[in-house]
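Overview (structure and organization)
In case you want the letters, here they are:
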Amino acid sequence: MSELAPSRKRPLDELELEDVSEPSTSKLQKSDTDAGEKQGSGDVQMRDSTTSKADEGHSDGVNSDSEQHSRAGEGIQQQKSAKKTESSRPRRKKKGDKDESEGPKKRQPRNRRRATKEEEDAAKERKAQAEALGIPSAPRYPKRQSALLIGFCGSGYSGMQIQPDNIKTIEGVLFKALVNAGAVSQDNADDPVKVSLARAARTDAGVHAAGNVVSLKMIITVPGVKDLVARINEELPPEIRLWGFVRAQNSFNARLVCDSRKYTYYFPSYLLIPPKPGSGLYDKLRGTEVSTESPEDGTSPNHPFWREGATSSHEEDLARKRAWRVGSADMERLRETVKKYEASHNFHNFTVGREFRDRSNIRFMKEIRVDDPVVHGDTEWISVLFHGQSFMLHQIRKMMAALVLTCRTGSSPEIIDELYKAPTVFIPKMPSLGLLLEEPLFNSYNGRMAVQNQNYKPTDADYRPPIDFELHREKIDAFKGEFIYKNMRGIEDRSGLFDAWVRSVDKYSGNDLLWLNREGKVPEECVIITGQRRNNPFREKRVFDTTSFPSTAVVKKQLLEEAEAEEDEEEEEEVLDKKHLADTEG
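Residues numbered from 1 in each chain as written. Predicted model: local features only at pLDDT ≥ 70, side-chain atom pairs only at ≥ 80, totals over all residues. Heavy atoms only, no water.

Brief notes about the side chain of S504
- Position of S504 among the secondary structure elements: in helix α16 (residues 497-506).
- At 2.5 Å, the side chain of S504 and the backbone oxygen of W501 are in polar contact.
- In this view, S504 contacts F538, K541 and F544; residues no more than four positions away in its chain are not counted. (Helix = DSSP H or I, 4+ residues; strand = E, 2+ residues; numbered from the N terminus. Polar contact = N/O pair within 3.5 Å; in protein donor to acceptor, adjacent residues only side chain to side chain. Contact = heavy atoms within 4.5 Å.)

Details of helix α14 (residues 443-452)
- Inspection of α14 places Y445, N446 and M449 among the buried residues, and these make up the whole buried set. Axial view of α14: buried residues confined to an arc of 95 degrees, hence all on one face. Seen from the open side of α14, the exposed residues pointing more than 90 degrees away from its buried face are N443 and V451.
- Structurally, α14 contributes buried residues whose contacts are with β4 (240-247) and α8 (254-257). (Buried < 20%, exposed > 50% of the residue type's maximum accessible area, 1.4 Å probe, protein only. Arc of directions from axis to C-beta.)

Points about the environment of I240
- Along the polypeptide, I240 turns up in strand β4.
- Each C-alpha atom, one on I240 and one on E171, is 10.0 Å from the other, the two residues being 69 residues apart in sequence.
- Setting aside chain neighbours within four positions, we find I240 in contact with G151, F152, Y157, I170, V173 and N233.

Describing helix α7 (residues 228-235)
- Every buried residue belonging to α7 is among L228, V229, I232 and N233, and all of these are buried. Along the long axis of α7, the arc covered by the buried residues comes to 135 degrees, so they all point the same way.
- On its buried face, α7 is in contact with α6 (170-181), β3 (208-218) and β4.
- You can read the cap of α7 off the contacts: a side-chain oxygen lies 3.3 Å from the backbone nitrogen of V229, and it is on D227.

So, in structure tokens, the structure goes:
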């Protein structure tokens, strides 16, 4: 192989003009030869082989080819240098890029409810009085995120959630007790939002709870108080009890962390007796050729209960109803129908203020169980357990009404599936008196804490106990028997509230309840169209939203007043905004 002549240097403008993007094969081969001195022995062998083939193909002008290829190599090297220079330039900022010059992002202030003028004036007055008396400011004690396990009888209260204007609620009374016991400082006494108050389940007015959880930042070590639970219970009325509290994670929120809730609804078994012959509902359903026969009686158009006493009074009927006992066929039908509620469904017809296409209507029911009937006093009672992830406003009361009305009218259980579809229909609410929140469950949270607690002892500051109502089961059961069941049965025994409700349903003769039929279909006559006025709509009575009655006369008076007001009363639909609807879930 002949020795290659060294390449001469060329001006930069010649290199820029020369096209080096696609060099010839001979130039690339020669460039490999020039670069081979800087590479390993393997590259040298490849270079020799390539160069030999090039020499064989080009016997003339070797020096000229070498010179051209060297210049091409210099051009390629210059292009690589230019790319490196370009890559080292700062990149243009794109949308969404973090500006390092801005420093760490500031935490946005929490959106808290602004205090009312009355609250501000009261705070200023307390401060002025303290300064005038020379009272020093109260010492500040550390607060810890806590989960309070409570139970209550809801009779006489306007629901669970705290409300303005001094409305009597469970949370309002509880928060005041926490302030009086020293668990909430005076600085935070004017606004529960300051301590991040939240509840696992919100209950309607009059609804009871054997167990519920309230989360807040609480002073758990109060000077001079050895037993904080006992001290708080001293400030609470007997119908509200604090079972205990546990330290929780700083981010713990009772409503958001709760996995599911358990409710129980109790009702007298006589609600399963079909409508009385001659009542409005009886005639309406008979007029549409819907059977009101009981599964126990397949031949007579009337239920055996109504074969005698067709002209009896309400009082006489109620006495016979309380002596009546449900049969196995009715219980089997009840259990068969209730299974239609399990799993995920669109419950838009079982609440208020929500359209069919609202995705928040989809709720998952884990289990619904009908227990065997139990006799208390003269009346037989049936309990239905609802275990679901969450429930919307009035959902359980409407589910119970659809269940009971379907069974007592001999309607097809398939109608429950139809109620999940787009047509909007009216479903009345069962009385609040029978509804009881058993407990919220925190299985996922407890599982995470169990893993974390493996590294700690129960006495360590970072140990987080599970939220478990079973630790207080004995006290809870005693409370249920004394305050909840006793109140529920006592009101029914004195006033016959459930009988008054079912008679108000049987009195109705309009189209709103025509979805009760044995075909299991929703007829057009009962479909509600938004903005279109209905003829003879069903009117629910507010008395059935109440669970506190001092005497039977009060129930009769309220029923009479509402009946008289029906003639002049316009149809009222419960209209709630989305925020209010979200707050009513539980």
